[in-house]
Amino acid sequence: MSSVIKWPLVFRSLYWKFFFFFWLTLITAIVSVATLSEIIVKKQDQDRYHTVVNLGIQAVNIYELQGPRALTAHLRHIDQEFDVKGFMLDAKYRPISRANLPINWLQFTLPLTQNRLSQRNLRGFQPYRISSSSGRTYTFVAHRDNSGAYPAWFKHLPMLQVMTALAIVALLTAFVTWRITNPLRKLKQATDSFARGNLNTRLPDLVGCRKDEIGEVGFAFNRMAERISLLVSNQQRLFRDISHELRTPLARQQIALELLARKLPDTEHQSIHRINREISRMNELIDQVLTLLRLEQNEQGPAIEAYDLSQVLMQLTQDAQFEAQSKDQVDLQQPVQLTLIGQQELVSRAVENILRNALRYTPADGRVYLQVEEHKDQVVIRIEDEGEGVPEDSVKRLFEPFYRVEASRNQQSGGYGIGMAIAEQAIRAQGGSIQASNRAVGGLCVEICLPKAGLAGMAS
Amino acid sequence: MTTRILLIEDDQELSELLSEFLVLENFEVEQAFDGEQGLKMALSGNYDALVLDIMMPKMNGLDVLKKLRITHKTPVLMLTARSDEVDRILGFEMGADDYLPKPCNPREIIARIRAILRRVEMDKAGMQATGSRQVLVREDIELNHNTRIVSKQDEALDLTSTEFNLLASLLENAGTVLSKEELTETALGRKLALYDRSVDMHMSNLRRKLGPFANNEARIKTVRGVGYQYVISD
């Protein structure tokens, strides 16, 4: 039971919501005005009925007192004075005076005598039966100017004008709606771009010309973006400075250790070797942190060039297997040749990091599958291992720097928790995407999508 | 006869430690803590080799080397920043004999210095002993093993000793791809190390000095992940 209204797809966009809202409002306004005026017209009709009946009685009186000539004069007077065009019939429906008598009066009086008068026969005339004080009956017939059944006003409306009006209303509505939703869409794009890590994203034109609430939102966004990017860059600078500063003592330590090694007997060399290894490890970690920072700050990286992905992957596979001291553990399946345009070094590093992880987590007798699929304008690189995979809730966080998946992926099994983050940034710099998922048969699957000519436009 | 080394490094503590280590290895060491002083000492003193840091106040290692090379051919081991920062300095014209990324194991520094010195000795000996060696000509390039001079269209090119060795290997094997391992061993007289971009840097300098073929095609092709190749022009 959801309380949320299930809007049809078209209504989910704010644009169409606004559009239909405004449009309906305008249409409703038009219809209500028309209805109201119709009611007023009816009221006027009633008033008119009384006026006409009174005029009829007056005319009958004049006829009975002063004769037909006076009646003719009176009827003409009524026409001019009260705008009531009427003629008088006697008890047998014969005209008494020629005043205001239409040419086709017979067509009108005939059905009247036969008492089969219908709406259709009236043709815009309204008869009023009047009995005089002398007891004779007359019929006063008046033109019906603007009375009629309810939809009549509609029939008289010129369709072309209605359509024009509707079109203008639609155009106006579209414009007003666009003015509201367009900046919102821009705001969304800017927010998306900001969220993707382009901390330089700002909303210039939105702010420039709008002084209303929407313009204020733009201002607020820019202020927020300014603040966040400042915070982020400060933090990154701190990170970078710390990393750089750590190198100096490490370098000294390394030399001091070698000096110590010369003074110590060979029996102590195992400890020296151990310390040396830890120093290298720390150096490597600092390197990785700096690499990640460089990638995050979109610094100009290695050159953009055309390269053969197949050759790169072949080399990587050989190197990784050599490093892991495992022969043929990687099952590489790829096209013979696959030319891409981008930063070969970054792609290579990304795949290398993931491949190393895969080799680390796959059991000694397990395999790692490295597959490349070529699509129309992108290439998909899939790296799968036969390890234990990761808990479902950790899958998305694998690419966070220093994120650790509890006990199973600890320091013992190696890794500094930053290789995946570097891979993600490196792939992103190519305009590609990377995601991890658990395989149905167990193990982790990392999928890299690379546009074939993602950075072609930027190549020199 | 002891070998005299000039150590130009702005980190004084590191420099002290390093020189202590070098002294233990029977080198005679003098230190300079900035580029200007280093250049002055290098120009005046008589050193067998220089260890030069890139990032230094007053005058950086690249400028020191450029000024030194005008008059001196003293072998230089350049200490560079690490990994991909190397890419940024690849573009500079550097005439160092070898490059070592920092931070590094001091034993590696010693090994590199020894390799450089050994090579210089070999080159000197080679110049005298191989009087019978032929002159290599390929298209517009002439490489003379006797005089160790390379000329392009009869115009002598100013190549460093390492660049000469690299070009010699490439020309002798023109058309085939030489791996970075092979090139490091033949031209630098040592084994290829981890994060070793020395050959790439020398190659980048060599390319610039040679220029492309007359039809604007690159003379030296990089084969990604494999090595380099001198193209046979047709």
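For the structure itself, look to the data block above.
The following refers to the structure shown.

**A closer look at the overall build of chain B**
Line of reasoning, step 1. Regarding its fold elements, chain B presents eight helices and twelve strands.
Line of reasoning, step 2. Taken over 234 residues, chain B has a buried fraction of 35%.

**As for the overall build of chain A**
Line of reasoning, step 1. Helices and strands together make up the secondary structure of chain A, namely twelve helices and ten strands.
Line of reasoning, step 2. Of all 460 residues assigned to chain A, the portion counted as buried reaches 24%.

**Here we look at the pairing of strand β9 (residues 433-438) of chain A**
Residues and elements named next belong to chain A.
Line of reasoning, step 1. Here six bridges tie β9 to strand β10 (residues 444-451), and the two strands are oriented antiparallel to one another. From the neighbouring strand, A436 faces β10, where its bridge partner is V446.
Line of reasoning, step 2. The antiparallel pairing of β9 with β10 creates a hairpin that spans five residues between the two strands, and G442 there sits at a positive phi of about 100 degrees.

**Description of the interface of chain A and chain B**
Line of reasoning, step 1. With 22 residues of chain A at the interface, the matching set in chain B holds 19 residues.
Line of reasoning, step 2. Among the secondary structure elements, those contributing two or more residues to the side of chain A that touches chain B are α8 (213-263), α9 (269-296), β4 (305-308), α10 (309-323) and α11 (344-361) of chain A.
Line of reasoning, step 3. Looking at the side of chain A that touches chain B residue by residue, the classes come out as eight nonpolar, seven polar and seven charged.

**Focus on helix α3 (residues 61-71) of chain B**
Along an α-helix, residues three or four positions apart point the same way, because every turn accommodates 3.6 residues.
Residues and elements named next belong to chain B.
Line of reasoning, step 1. Those residues of α3 that sit buried are G61, L62, V64 and L65. Considered in projection along α3, the buried side chains sweep an arc of 155 degrees and stay on one side of the axis. In α3, the exposed residues that point more than 90 degrees away from the buried face are I70 and T71.
Line of reasoning, step 2. Against the buried residues of α3 lie β1 (3-8), α2 (35-44), β3 (49-53) and β4 (76-80).

**Considering the nonpolar core**
Line of reasoning, step 1. Grouped together as the largest cluster of nonpolar side chains are 44 residues, with contacts concentrated most on A350, V351, I354, L355, I383, A423 and A426 of chain A.
Line of reasoning, step 2. Of the residues forming this core, the biggest block, nine residues, is contributed by α11 of chain A.
Line of reasoning, step 3. Composition of this core by domain shows at least three residues from each of domain 2 (195-299) and domain 3 (305-458) of chain A.
Line of reasoning, step 4. Ignoring any residue separated from it by four or fewer positions in sequence, one finds A426 of chain A in contact with L295, L346, V347, R349 and A350 of chain A.
Line of reasoning, step 5. Core analysis: the next-biggest nonpolar cluster, separate from the first, contains 36 residues, L6, L39, A49 and L62 of chain B among them.

**Re the sheet that holds strand β12 (residues 227-230) of chain B**
Residue and element names in this part refer to chain B.
Line of reasoning, step 1. Strand order in the open sheet formed by three strands is β10-β12-β11, with antiparallel pairing between adjacent strands. The open sheet terminates on both sides in strands that have one partner only, identified here as β10 (177-179) and β11 (220-223). When the angles between neighbouring strand axes are averaged without regard to direction, this sheet yields 30 degrees.
Line of reasoning, step 2. Looking at chain direction, β10 and β12 are connected through three bridges and run antiparallel. Along β12, the bridge assignment pairs V177 with Q229.
Line of reasoning, step 3. Along the sheet, helix α7 (residues 180-188) makes contact with β10 and β12, crossing β10 at roughly 75 degrees.

**Let's talk about the sheet that holds strand β3 (residues 137-143) of chain A**
All names here are of chain A.
Line of reasoning, step 1. Strand order in the open sheet formed by three strands is β1-β3-β2, and the pairing between neighbours is antiparallel. Each edge of the open sheet carries a strand with a single partner, namely β1 (86-89) and β2 (125-131). Along the sheet, successive strands turn relative to each other by an average axial angle of 25 degrees, direction set aside.
Line of reasoning, step 2. As defined by bridge partners, β1 adjoins β3 across four bridges and the pair is classed as antiparallel. Residue pairing in the sheet places F87 in a bridge with V141 of β3.
Line of reasoning, step 3. Strands β1, β2 and β3 of the sheet are contacted by helix α1 (residues 14-66), whose axis makes an angle of about 55 degrees with β2.

**Section: the packing of α1 of chain A against helix α2 (residues 68-82) of chain A**
Residue and element names in this part refer to chain A.
Line of reasoning, step 1. Across the interface, α1 lies against α2 with an axial gap of 8 Å and an inter-helix angle of 155 degrees. Judged by the angle between their axes, α1 and α2 are roughly antiparallel. By crossing handedness, the relation of α1 to α2 is classed as right-handed. Residue-level contacts link T51, L55, A59, I62, Y63 and Q66 of α1 to P68, A70, L71, H74, L75, I78 and F82 of α2.
Line of reasoning, step 2. Classifying every residue of the contact of α1 with α2 gives ten nonpolar, three polar and no charged.

Conventions used here
- Residues numbered from 1 in each chain as written.
- Chains lettered and ligands numbered in written order.
- Predicted model: local features only at pLDDT ≥ 70, side-chain atom pairs only at ≥ 80, totals over all residues.
- Helix = DSSP H or I, 4+ residues; strand = E, 2+ residues; numbered from the N terminus.
- Buried ≥ 20, exposed ≤ 12 C-beta atoms within 10 Å, placed from the backbone.
- Pairing = 2+ DSSP bridges.
- Contact = placed C-beta atoms within 7 Å.
- Nonpolar A, V, L, I, M, F, W, Y, C, P; charged D, E, K, R; others polar.
- Arc of directions from axis to C-beta.
- Core = buried A, V, L, I, M, F, W, Y, C linked by C-beta atoms within 7 Å.
- Domains from an automatic or database assignment.
- Axes fitted to C-alpha atoms, helices over the stretch in contact; angles between N-to-C directions.
- Parallel < 35°, antiparallel > 145°, perpendicular 65-115°, else oblique.
- Left-handed = near helix turned anticlockwise from the far one by under 90°.

All we've got here are geometric facts, nothing functional implied.
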